[in-house]
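Chain residues, written in single-letter form:
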Amino acid sequence: MKIERNAFVSLTYQLRLNGAEGELIEETGTENPLEFLFGAGRMLEMFEQKLEGLAAGDNFSFSLSAEDAYGEVNEDAIVDLPKNIFEVNGSIDEELLTVGNTVPMQDAQGNRLNGIVLEVTDETVKMDFNHPLAGDDLHFSGAVLSVREARSEE
């Protein structure tokens, strides 16, 4: 069976930044493969387009530009927030507000998002709400382990 809409796919991959020889940032193996329902909108659209039509046993190697992956860095997604919004029961967990930490938050509409702490002052916390891989070109290489029809619960 070939990878197509509503197929359940299992694959291994290596993810590198900026080309096939770039920094390795993520890797799955046969003991912890990436498994997903193809075409369900849970993966990057261009990632799925590059895999479509492959079958179990096929290898793949392709790059996605930042634009086709997580987008370019959006400067509007870097914001200064009042430090007091991080208070819980009248105190702030200073360990939480460490530069480089990822902090789960919610916007005014109730959407969950993660922000990376860039800077902490006495009054504000500078947060970056861009995806951590925004602005990066990505290179995927790996192998398709299996492709099968999805079960109704998947």
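The shown structure was predicted, so the numbers you read here are calculated from the model rather than taken from an experiment.

(A) Representation of the layout of surface pockets within the structure. The calculated volume of the largest pocket comes to roughly 220 Å³. Where the lining of the largest pocket is concerned, the elements lending two or more residues are strand 1 (7–17), strand 2 (24–27) and strand 11 (138–149). Grouping the amino acids of the lining of the largest pocket by side-chain chemistry returns eleven nonpolar, no polar and two charged.

(B) Broad picture of the packing of aromatic side chains. All chains considered together, the criterion is met by six aromatic pairs. Relative to Phe140, the ring of Phe62 lies with its centre 5.6 Å away and its plane at 35 degrees, an arrangement referred to as tilted. A residue pair is termed long-range when its members are at least 10 positions apart, and Phe62 in strand 4 (residues 59–64) and Phe140 in strand 11 qualify at 78 residues. The pair Phe62 / Phe140 is uniform in exposure class, with both members buried. Taken together through their ring pairs, the aromatic side chains of Tyr13, Phe36, Phe47, Phe60, Phe62 and Phe140 make up a single cluster.

(C) Representation of the sheet that holds strand 5 (residues 78–82) within the structure. Overall, antiparallel pairing links the four strands, which are arranged 5-10-9-8 in an open sheet. The open sheet has two edge strands with one neighbour each: strand 5 and strand 8 (102–106). Going from strand to strand, the sheet's axes swing by 45 degrees on average, the running direction of each strand aside. In the sheet, strand 5 pairs with strand 10 (residues 124–128) via five bridges, with the strands oriented antiparallel. Each bridged residue has a counterpart across the sheet, and for Pro82 the counterpart in strand 10 is Thr124.

Reading guide: rules and limits
Residues numbered from 1 in each chain as written. Predicted model: local features only at pLDDT ≥ 70, side-chain atom pairs only at ≥ 80, totals over all residues. Heavy atoms only, no water. 1 Å grid on protein atoms, 1.4 Å probe; cavity = no way out; pocket = protein on both sides within 12 Å on 5 of 7 lines; lining within 4 Å. Points joined across faces, edges and corners; volume = space filled by probe spheres on them. Helix = DSSP H or I, 4+ residues; strand = E, 2+ residues; numbered from the N terminus. Nonpolar A, V, L, I, M, F, W, Y, C, P; charged D, E, K, R; others polar. Phe/Tyr/Trp six-rings, centres within 6.5 Å; stacked < 30°, edge-to-face > 60°. Buried < 20%, exposed > 50% of the residue type's maximum accessible area, 1.4 Å probe, protein only. Pairing = 2+ DSSP bridges. Axes fitted to C-alpha atoms, helices over the stretch in contact; angles between N-to-C directions.

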